[in-house]
Amino acid sequence: MKRQKRDRLARALSKGYQAGILGRPRENCPYYSLDARSHWLGGWRQAMEDRAMMA
């Protein structure tokens, strides 16, 4: 059970990063649970930092 939960959170992080790289707004977060949402936003923030460094 814990492995599945970890995989779900890793997926949320990855999806957030992809959304950030594409320049999508953070309001587009598809997750409602606190854990998944925070992971998605963490990935999104990291992507925004990476985009700023590339520009």
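Just above sits the structure.
All of these numbers come straight from a predicted model, not from anything done at the bench.

Participant: Help me understand the overall build of the chain in this model?
Facilitator: Broken down by element type, the chain carries two helices and zero strands. Considering only C-alpha atoms, the chain reaches an extent of 40 × 20 × 15 Å along its principal axes. Counting only contacts in the chain whose residues sit at least 6 apart along the sequence, the fraction spanning at least 24 positions is 66%. Of the accessible surface of the chain, which amounts to about 4,500 Å², a share of 54% is contributed by carbon and sulfur atoms. Side-chain charges in the chain split into 12 positive and 5 negative, and the spacing between the mean points of these groups amounts to 7 Å.

Participant: What exactly am I supposed to notice about helix α2 (residues 34-54) here?
Facilitator: If you check α2, its first and last C-alpha atoms are 30 Å apart, about what 21 residues at 1.5 Å a residue would give, namely 30 Å. The set of residues buried in α2 consists of Ala36, Trp40, Leu41, Gly43, Trp44, Ala47 and Asp50.

Conventions adopted
Residues numbered from 1 in each chain as written. Predicted model: local features only at pLDDT ≥ 70, side-chain atom pairs only at ≥ 80, totals over all residues. Heavy atoms only, no water. Helix = DSSP H or I, 4+ residues; strand = E, 2+ residues; numbered from the N terminus. Contact = heavy atoms within 4.5 Å. Areas by Shrake-Rupley, 256 points an atom, 1.4 Å probe, with all protein chains shown as cover. Lys, Arg positive; Asp, Glu negative; His and termini not counted. Charge placed at Lys NZ, Arg CZ, Asp CG, Glu CD. Expected span 1.5 Å × (residues − 1). Buried < 20%, exposed > 50% of the residue type's maximum accessible area, 1.4 Å probe, protein only.

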